[in-house]
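# Structural overview for review
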Amino acid sequence: MLEEQGPEWMSEEVKTGTTIIAVEFDGGVVLGSDSRVSAGASVVNRVMNKLSPLHDRIYCALSGSAADAQTIAETVNYQLDVHSMELGEDPLVCSAATLVKNISYQYKEELSAHLIVGGWDRRGGGQVYATLSGLLTRQPFALGGSGSSYVYGYLDAEYRAGAGRTDTQRLVVDTLSLAMSRDGSSGGVAYLVTIDGDGVEEKVFLGNELPTFYDQ
Amino acid sequence: MEIDSISSGSPASPSPLGAQPMQLNGCRSFRSMLGSPDISLANNAYWGIPSRRWDANAWKRQSSSAEQLPVLMSLFGGEMSLLRSPLQPPSPGFSFDLTERNAVLGRLLEGSPPPRPVKTGTTISGMVFRDGVVLGADTRATSGDVVADKMCAKIHRISANMYCCGAGTAADTQKTTDLLASNLALFSLNSQRAPRVLMAASILQDTLYRYGGQIGAHLILGGVDYSGAHLYTVGPYGSVDKLPFVSMGSGSMAALGILEDRYKPNMEVEEAKVLVRDSVQAGIMGDLGSGSNVDLCVITAQAVDYIRPYQESQYTNGRNRKYKYPPGTTALLSEKVVPLRMELVTEAVQRMETH
């Protein structure tokens, strides 16, 4: 065979088959993600942090094509920097989400990435926005990625409006753990980012620190 | 000369690109005859840089094809974007020059499969150790089932403090790293600063992302700058990962197993060299596309040690590669001397002005 192309994953695009979650609580927002990046059947990076900062108190969670998602996050990071310098104050979460939505909508045919935006600002407190396919909607919690389909029911059942900080963190970690154990494209470690008026807290849950359920 | 004889067999086609499909097909068989993956005629076409011989044929054919102008503009647009200096702001938006060109080619070729660039099966790996980074690579370049080059160099110099291993399409990795190296050299001269590894990774990411995966370069970039030792991997679609150890290429799964098992942070240099050598060796033994020798490159803040080869293949056939035979090796059976008598017909002297 003259046309040897090598194994398929050499030519496959690198995707973050993923579970990403963002949940609002009283006074802030918790974002969570797994850490697996795959190219076809092989894992390219098992420790990628998919929670990317857009500004001091605004983060986004990446899913879909790794290259597209990274590029959108970097572009919006730059645009928010310029915007906040022009305003002279921290930008709103809504502005960040709108910038992400603009890119996702204008290039929706060419891109295959979905970003969830979550953060805290002085006007609206903790907020979560979903920007799938270029829509913009504010939700109390948002899920994304291939692993999210396994845990919609769990999150619908367990979400409590007005929950506190630690309860929400525990909810996000439990949901991530369930999704990672069911979805082949999600796994590795769990990253958590908690944003409130006082600042940002980043946490990593290694494999043996994740909560276990009935079959583990 | 060969190009003319190939294109004379092409079907009568009004478009100037009627020459190109035949040329690419001709080049493919031409290339497989020679077995070298580096004949860059076809690969130049993939980069949008019109090669000189293609141009000569194209401009000979007059055509009023509506497809001529946008494709040619996309080719020149692709060339200009590649040569753009890093000091100018990057052009906004995505660059779909090559996808348009590919679509036009696909329509023209319709029926026959489009030409595919040659990939080199490879094992490349790298890791961060206490004082810097170690990069390793095998040295086999394949063209289909034949080993085209037993001693090819896959670790490319980017700057004094940065080296880059490349897997995937040989021409793409060489060209991408060459362009990166020259752009960074210009940047250093303009700013009086040594470039950071992060800058090189960002430039690679920008370039590869703009071409949407059309450039088949899977790269491992490692180096030491003022902020420490860094190791990045850049995929062909433009995704970047910063990791303590990484491997790419068709032998990467074999190499990664070794690295996952024995990697520890802050290893000593000799232990790190042995680990990278072992990981590349696993690829050489376990992957058909990798083989021959192991090259290593050890980069620290003080010096760069490019060890080529670090380990030689034990499967050579002992050929000297010296073909100088002493006089008398071939038996002389008979000898006949015929003097050539030449008549002096005319003689002309021309003075040269030399100062």
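Below is a summary of the structure that appears in this document. (Residues numbered from 1 in each chain as written. Chains lettered and ligands numbered in written order. Predicted model: local features only at pLDDT ≥ 70, side-chain atom pairs only at ≥ 80, totals over all residues. Heavy atoms only, no water.)

This part covers the sheet that holds strand 12 (residues 190–196) of chain A. Residues and elements named next belong to chain A. Reading across from one edge, 11-2-3-12-13 is the order of the five strands in this open sheet, with antiparallel pairing throughout. Each edge of the open sheet is held by one strand with a lone partner, namely strand 11 (141–144) and strand 13 (199–205). The mean inter-strand angle of the sheet, taken between neighbouring strand axes irrespective of direction, is 10°. Sheet topology note: the strand 2 (residues 20–25)/strand 3 (residues 28–33) ladder contains six bridges and is antiparallel. Its bridge partner being in strand 3, Ile 20 is matched across the sheet by Ser 33. (Pairing = 2+ DSSP bridges. Helix = DSSP H or I, 4+ residues; strand = E, 2+ residues; numbered from the N terminus. Axes fitted to C-alpha atoms, helices over the stretch in contact; angles between N-to-C directions.)

Moving on, we come to the side chain of His 230 of chain B. All names here are of chain B. Along the polypeptide, His 230 turns up in strand 9 (residues 228–234). The exposure class assigned to His 230 is buried, which follows from its relative accessible area of 13%. When neighbours within four sequence positions are excluded, His 230 is seen to be in contact with Val 133, Val 197, Leu 221, Gly 222, Gly 223, Asp 225 and Lys 242. (Buried < 20%, exposed > 50% of the residue type's maximum accessible area, 1.4 Å probe, protein only. Contact = heavy atoms within 4.5 Å.)

Further remarks concern the nonpolar core. Ranked by size, the top nonpolar core spans 27 residues in total, and within it Leu 54, Ile 72, Val 76, Leu 115 and Val 117 of chain A carry the most contacts. Looking at this core, the element that brings in the most residues is helix 1 (residues 66–87) of chain A, giving seven residues. Look past the residues within four positions of Leu 115 of chain A in its chain and what remains in contact with it is Cys 60, Ala 61, Leu 62, Ala 69, Ile 72, Ala 73, Val 100 and Thr 131 of chain A. Among the nonpolar cores identified, the runner-up in size contains 20 residues, and Met 162, Ala 201, Leu 219 and Val 240 of chain B belong to it. (Core = buried A, V, L, I, M, F, W, Y, C linked by side-chain atoms within 4.5 Å.)

Time to look at the environment of Asp 121 of chain A. Residue and element names in this part refer to chain A. In this structure, Asp 121 sits in strand 8 (residues 113–121). Of the residues examined, Asp 121 reaches a relative accessible area of 5% and is grouped as buried. Sequence spacing of Asp 121 and Cys 94 is 27 residues, and the spatial spacing of their C-alpha atoms is 9.1 Å. The contacts of Asp 121, once residues within four sequence positions are left out, are Pro 91, Leu 92, Val 93, Cys 94 and Gln 127.

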